[in-house]
Amino acid sequence: MSAAGPILVIGRTGQLAQSLQALGRPDVRCVGRPEGDLADPGKLADLVARTRPRLVLNAGGFTKVDPAESEAEEAFALNRDGPAALARLCASVGIPLIHISTDCVFDGRKPAPYTPDDTPNPLSVYGRSKLEGEEAVAIHCRQHLVVRVSWVFSEHASNFVRTMLKFATQREMIQVVSDQTGYPTYCPDLAAGLLAMAEQVLAPGFDAWGTYHLAGREEIDRAGMADAIFAESRAIGGPSARVSPILTRDFPTPAKRPLNARLESAKAAEVFGLKLPDWRTGLQKSVRVLVAEMR
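To start, this report covers the structure provided alongside it. Just so it is clear, the structure is predicted and the values come from calculations on it, not from any experiment.

Under the definition given, this model contains six aromatic pairs. Look at Phe-153 and Tyr-186: their rings are 5.6 Å apart centre to centre, the planes differ by 40°, and that puts the pair in the tilted class. Residue Phe-153 is found in strand β6 (residues 152-153), and its partner Tyr-186 is found in strand β9 (residues 185-186); the two are separated by 33 residues along the sequence. The class of Tyr-186 is buried, set by a relative accessible area of 5%. With a centroid separation of 4.9 Å and 85° between ring planes, the pair formed by Phe-206 and Trp-209 is classed as edge-to-face.

Here it is as structure tokens:
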């Protein structure tokens, strides 16, 4: 493979792919369906052969947590089988693979933030499919990074911030769970961090392959994050609502989610020198863009 090839991103319309595109790097090429179809190993092979990338970043997959419960076959095809095929491809041509995973591989029962070495125990079909994807990547491609992310938001695609602002245009009070905690992560900051990891991976002599966490730093619960969203929106004359905290057990959803979604990023800081900026700065940017779109 040519050293001058692009960083090939599998995915085009999701938050991460859009955030990567927005960075304006000419050497980053985002490809979604039909060319970059994780359900079609033949198309993936054609894509890799044609683009001759120097690294592949898999930002694609089945990301809808609740629908995965009833669409398990598609979830496993995109989150396990597709990454397995991609890993075999990367190994066959000797290029690294960065694969994006999730906090949902954990059960959320740990009282402290999760480290990359903690034992996964997913609660949902989505979490199981992502865990099996991680395992497949590790088996089939030695030169891999699995990067788990959590509570990702931005001004792009579907995410918690967009959903809360939409609800605020429809109702005065919104019930939001208060016992799910995490480290929100601004997706453009995440995208920049992943490209910094990619550059170090491509440097001669890199050998720190394995699993990492890359997330924000300040803990908050979902209800608190909703309050923060509405405070930013009110400040610029946008929609807001009163948040009514509710416990997860009283707000049933098809998929169970970990109450503790905090991912400790110390290993990424130690190996790559990465520490993501304050997510509240990103929240302010996201709210401004989304509110402007609503006007």
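We now examine the packing of helix α7 (residues 222-235) against helix α9 (residues 279-294). Where α7 contacts α9, the axes come no closer than 9 Å and their chain directions differ by 55°. On the basis of the axis angle, α7 is oblique to α9. Crossing geometry of α7 relative to α9 is assigned as right-handed. Judged by residue contacts, Ala-228, Ile-229, Glu-232 and Ser-233 of α7 engage Arg-280, Leu-283, Gln-284, Val-287 and Val-291 from α9. Across the contact of α7 with α9, the residue classes break down as five nonpolar, two polar and two charged.

With that out of the way, let us pick up the packing of helix α1 (residues 15-22) against helix α6 (residues 187-201). Where α1 meets α6, the closest approach of the two axes is 8 Å, and the angle between their N-to-C directions is 70°. Judged by the inter-axis angle, α1 sits roughly perpendicular to α6. Each of Gln-15, Leu-16, Ser-19 and Leu-20 in α1 lies in contact with α6, whose residues at this interface are Cys-187, Pro-188, Leu-190, Ala-191, Leu-194 and Leu-195. Its residues assigned to classes, the contact of α1 with α6 shows eight nonpolar, two polar and no charged.

Locating Trp-279 in the fold gives a position in helix α9. Overall, the relative accessible area of 1% leaves Trp-279 in the buried class. The spatial distance from the C-alpha of Trp-279 to the C-alpha of Asp-189 is 8.5 Å, given a sequence separation of 90 residues. Here Trp-279 is in contact with Phe-153, Pro-184, Glu-218 and Ile-220, once residues within four sequence places are set aside.

Conventions we followed
Residues numbered from 1 in each chain as written. Predicted model: local features only at pLDDT ≥ 70, side-chain atom pairs only at ≥ 80, totals over all residues. Heavy atoms only, no water. Phe/Tyr/Trp six-rings, centres within 6.5 Å; stacked < 30°, edge-to-face > 60°. Helix = DSSP H or I, 4+ residues; strand = E, 2+ residues; numbered from the N terminus. Buried < 20%, exposed > 50% of the residue type's maximum accessible area, 1.4 Å probe, protein only. Axes fitted to C-alpha atoms, helices over the stretch in contact; angles between N-to-C directions. Parallel < 35°, antiparallel > 145°, perpendicular 65-115°, else oblique. Left-handed = near helix turned anticlockwise from the far one by under 90°. Contact = heavy atoms within 4.5 Å. Nonpolar A, V, L, I, M, F, W, Y, C, P; charged D, E, K, R; others polar.

Without other data, these values stay purely geometric and don't point to any function.
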